[in-house]
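Results of the structural survey
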Amino acid sequence: MEYSNIDLLHRALDASNLRQETVSSNIANVNTPGYKAKRVEFESLLKDAMDGTGLQRTNERHYGVSGASDVTATVKEQDGNMVGDDGNNVAIDTEMAELSANSIYYQALISQTSAQYSMLRSVLR
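Heads up: these notes are all about the structure in this document. Fair warning: this is a prediction, and the values are worked out from it, not measured in the lab.

**Description of the pattern of salt bridges**
Taken as a whole and judged by the stated rule, the model has four salt bridges. Among the ionic pairs, Asp-7 bridges to Arg-11, the shortest N-O distance being 3.5 Å. With Asp-7 and Arg-11 both in helix 1 (residues 4-28) and four residues apart, the pair spans about one turn of that helix. Overall, Arg-11 belongs to the partly exposed group, its relative accessible area being 23%. For Glu-95, the salt bridge identified is with Arg-39, shortest N-O distance 2.7 Å. Of this pair, Glu-95 sits in helix 3 (residues 92-124) while Arg-39 sits in strand 1 (residues 38-41), and the two are 56 residues apart along the sequence. Across the pair, Arg-39 and Glu-95 agree in class, each one buried.

In structure tokens form, the structure reads like this:
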């Protein structure tokens, strides 16, 4: 039996957890000279995989994804957004907004995961 919805929700939860850690790290380094803010990329990779426009894997030793279930979050350094003369590009307001948005996103994912497990339990009864 395939549980692709649950697997996808778990991957999204992992991405949200990674985003929380990344934003927290950005906030912790707000005064670190030369620090570059980092962003987690997941939803755009998932969209590309579902649209078929992402990098396709035709062999298990290749990079890319076979489908939406293979998408994993990646952390990338954010360019631009120069805030300080010291080369640090962390904008605290942006980070706080990211933190709030990620919290709402995480709660929605938890709700959806709970609903999926409830449906599974009801089918098993």
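That was the structure; now back to the text.
**A look at helix 3**
Taking 1.5 Å per residue as the helical rise, helix 3 with its 33 residues ought to reach 48 Å, and the 48 Å between its terminal C-alpha atoms agrees with that figure. Those residues of helix 3 lying buried are Glu-95, Asn-102, Leu-109, Thr-113 and Gln-116. If you follow the buried residues of helix 3, they end up packed against helix 1 and strand 1.

**Details of the side chain of Asn-102**
Locating Asn-102 in the fold gives a position in helix 3. In terms of polar contacts, Asn-102 uses its side chain to reach the side chain of Ser-16, at 2.9 Å. Apart from residues no more than four positions distant in its own chain, Asn-102 is found in contact with Ser-16, Arg-19 and Gln-20.

**A word on the environment of Asn-5**
Following the sequence through the fold, Asn-5 ends up in helix 1. The partly exposed category is assigned to Asn-5, whose relative accessible area is 46%. Taking the C-alpha atoms as reference, Asn-5 lies 8.7 Å from Thr-113; in sequence the two are 108 residues apart.

Rules behind the numbers
- Residues numbered from 1 in each chain as written.
- Predicted model: local features only at pLDDT ≥ 70, side-chain atom pairs only at ≥ 80, totals over all residues.
- Heavy atoms only, no water.
- Salt bridge = Lys/Arg side-chain N within 4 Å of Asp/Glu carboxyl O.
- Helix = DSSP H or I, 4+ residues; strand = E, 2+ residues; numbered from the N terminus.
- Buried < 20%, exposed > 50% of the residue type's maximum accessible area, 1.4 Å probe, protein only.
- Expected span 1.5 Å × (residues − 1).
- Contact = heavy atoms within 4.5 Å.
- Polar contact = N/O pair within 3.5 Å; in protein donor to acceptor, adjacent residues only side chain to side chain.

Nothing here speaks to function; it is geometry throughout.
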